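# What the coordinates show
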Amino acid sequence: MHQIIKEHFPHITDHQLEQFSKLGDLYAEWNAQINVISRKDIDQLYTRHVLHSLGIVSVVRFRESLPNKTGGTRVLDVGTGGGFPGIPLAIMFPKTSFHLIDAIGKKIKVVDAVVEALGLTNVTTEHGRAEKVKGRFDFVVSRAVTNMPDFVSWVRNKIRKESCHNLKNGILYLKGGDLTEELKDFPKAQIYELEDVFEDPFFETKKVVHLPLK
């Protein structure tokens, strides 16, 4: 099933493909011990979790180096759960720094194990709440952990001021359904339909929401 990643992202290296290929067994093994992915979804891991996470790549390509900054892009993944979207994005962008945080310690335990097994050196993790995270980031990513107004209140002060991408710094939120009501107070929010990117019926209602915060 990892070949579905190669089909959509033919530019990835053999090393990246190998890392993606390991995800299936790793999550199957850990999910038997700690339920971080719903039982009905584990067989659809590559479509519903890995490929869904990589929907963000259709919106922005994180830069390896940024003008007048030490290091490249910094990304915060809030409510990462078992490591989504952070781990697939970290494989795709090995020179981007990812900080994955979740309030549930056993989920971070799984993330740490997967990160170690894959040899990802661009990922750090934290057990805690988003409001307590130190530092500033170019983007905050997440998969529908709460409604947008609450999410913005958590991360508003975590964004770097200077934008160096084709999108302004801010939130990249993976969410589905009708977002009209939820986004009514955010006129700058831009919605990208993932059904335009991926053919699987799973993506028919799935979106990436970009909300600039600087």
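Residues numbered from 1 in each chain as written. Predicted model: local features only at pLDDT ≥ 70, side-chain atom pairs only at ≥ 80, totals over all residues. Heavy atoms only, no water.

## Describing the nonpolar core
The cut-off we apply is this: As used here, the term nonpolar core means buried Ala, Val, Leu, Ile, Met, Phe, Trp, Tyr and Cys residues forming a set that is joined through side-chain atoms within 4.5 Å. Only protein chains enter the accessibility calculation, which uses a 1.4 Å probe; a residue is then buried when its area is under 20% of its type maximum, exposed when over 50%, and partly exposed in between. Helix and strand definitions here come from DSSP, where helices need a minimum of 4 consecutive H or I residues and strands a minimum of 2 consecutive E residues; each element is numbered from the N-terminal end. Whether two residues are in contact is decided by their heavy atoms, any of which lying within 4.5 Å being enough.
One finds Ile 5, Leu 23, Ile 87 and Leu 172 to be the most contacted residues of the largest nonpolar core, which totals 51 residues. Mapped by element, the contributors of at least two residues to this core are helix 1 (3-8), helix 2 (14-31), helix 4 (45-53), helix 5 (86-92), strand 2 (97-102), helix 6 (105-118), strand 4 (139-143) and strand 5 (170-176). The residues contacting Ile 5, other than those within four sequence positions of it, are Ile 12, Phe 20, Tyr 46, Val 50, Leu 51 and Leu 54. Core analysis: the next-biggest nonpolar cluster, separate from the first, contains 21 residues, Ile 101, Val 140, Phe 151 and Leu 211 among them.

## Quick word on helix 6
Threshold: Expected span of a helix: the number of residues minus one, times 1.5 Å.
Taking 1.5 Å of rise per residue, 14 residues should cover 20 Å, and helix 6 covers 20 Å from first to last C-alpha, within 8% of that figure. Buried residues of helix 6: Ile 108, Val 110, Val 111, Ala 113, Val 114, Val 115 and Leu 118, and no others. A positive backbone phi angle near 70° is found at Gly 119, which sits one or two residues after helix 6.

## Thoughts on the packing of helix 2 against helix 4
Put simply, the test is: Orientation is described by axes fitted as lines to C-alpha atoms, over the contacting stretch for helices, and by angles from 0 to 180 degrees between their N-to-C directions. For classification purposes, angles smaller than 35 degrees are called roughly parallel, those larger than 145 roughly antiparallel, those between 65 and 115 roughly perpendicular, and all remaining angles oblique. Handedness of a crossing follows from how the near helix is turned relative to the far one, being left-handed for an anticlockwise turn of less than a right angle and right-handed for a clockwise one.
Close contact between helix 2 and helix 4 brings their axes to 11 Å; oriented N to C, the two are set at 120°. In this view, helix 2 runs oblique relative to helix 4, as classed from their interaxial angle. In this structure, helix 2 crosses over helix 4, and the sense of that crossing is right-handed. Facing helix 2, whose interface residues are Phe 20, Ser 21, Lys 22, Leu 23, Gly 24 and Tyr 27, helix 4 presents Leu 45, Tyr 46 and Val 50.

## Section: the sheet that holds strand 2
Defined as follows: The rule for pairing is simple: two strands pair if DSSP sees at least two bridges between them.
The mixed open sheet is built from seven strands, whose spatial order is 3-2-1-4-5-7-6. Of all the strands in the sheet, just strand 3 (123-127) and strand 6 (190-193) have a single pairing partner and so form its edges. The sheet shows a mean angle of 20° between the axes of neighbouring strands, direction not considered. Across four bridges, the pairing between strand 6 and strand 7 (residues 206-212) is antiparallel. Note that in strand 7 the partner of Tyr 192 across the bridge is Val 208. Taken strand by strand, helix 6 contacts strand 2 and strand 3, and its axis lies near 165° from that of strand 3.

## Describing the packing of aromatic side chains
Condition: Two rings belonging to Phe, Tyr or Trp (six-membered ring only in the last case) form a pair when the distance between their centres is within 6.5 Å. Interplanar angles under 30 degrees mark stacking, angles over 60 mark edge-to-face geometry, and anything in between is tilted. Any Lys NZ or Arg CZ that is within 6 Å of a ring centre and within 35 degrees of that ring's normal is treated as a charge sitting over the ring.
Enumeration over the complete set of coordinates arrives at eight aromatic pairs. Ring plane angle 35° and centroid distance 5.1 Å describe the contact between Tyr 27 and Phe 84, whose orientation is recorded as tilted. Linking Tyr 27 in helix 2 with Phe 84 in the loop between strand 1 (74-78) and helix 5, this pair joins segments that are 57 residues apart in sequence. The burial state of Tyr 27 is the same as that of Phe 84; both residues are buried. A centroid spacing of 4.8 Å and a plane angle of 50° characterise the contact between Phe 198 and Phe 203, whose relative ring orientation is tilted. On the basis of relative accessible area, Phe 198 is assigned to the buried category, the value being 2%. Chaining the aromatic ring pairs together yields one cluster made of Phe 62, Phe 93, Phe 98 and Phe 139. Across the ring face of Phe 137, the terminal group of Arg 74 is positioned such that the distance to the ring centre comes to 4.4 Å.

## Points about the pattern of salt bridges
As a working rule, side chains carrying opposite charge can pair if their charged atoms are close by. In plain terms, the rule: Within this document, salt bridges are pairs made up of a side-chain nitrogen of Lys or Arg and a carboxyl oxygen of Asp or Glu, the two lying within 4 Å of each other.
Tallied over the full model, the rule gives eight salt bridges. A salt bridge links Lys 22 to Glu 18, with the shortest nitrogen-to-oxygen separation between them at 3.9 Å. Taken as a pair, Lys 22 and Glu 18 lie in helix 2 at a separation of four residues, close to a single helical turn. Residue classification places Lys 22 among the partly exposed positions, given a relative accessible area of 34%. With its nearest N and O atoms 3.9 Å apart, the salt bridge here joins Glu 64 to Lys 95. Taken together, the positions of Glu 64 in the loop between helix 4 and strand 1 and Lys 95 in the loop between helix 5 and strand 2 put the pair 31 residues apart, joining distant regions of the chain. Both residues of the pair, Glu 64 and Lys 95, count as exposed.

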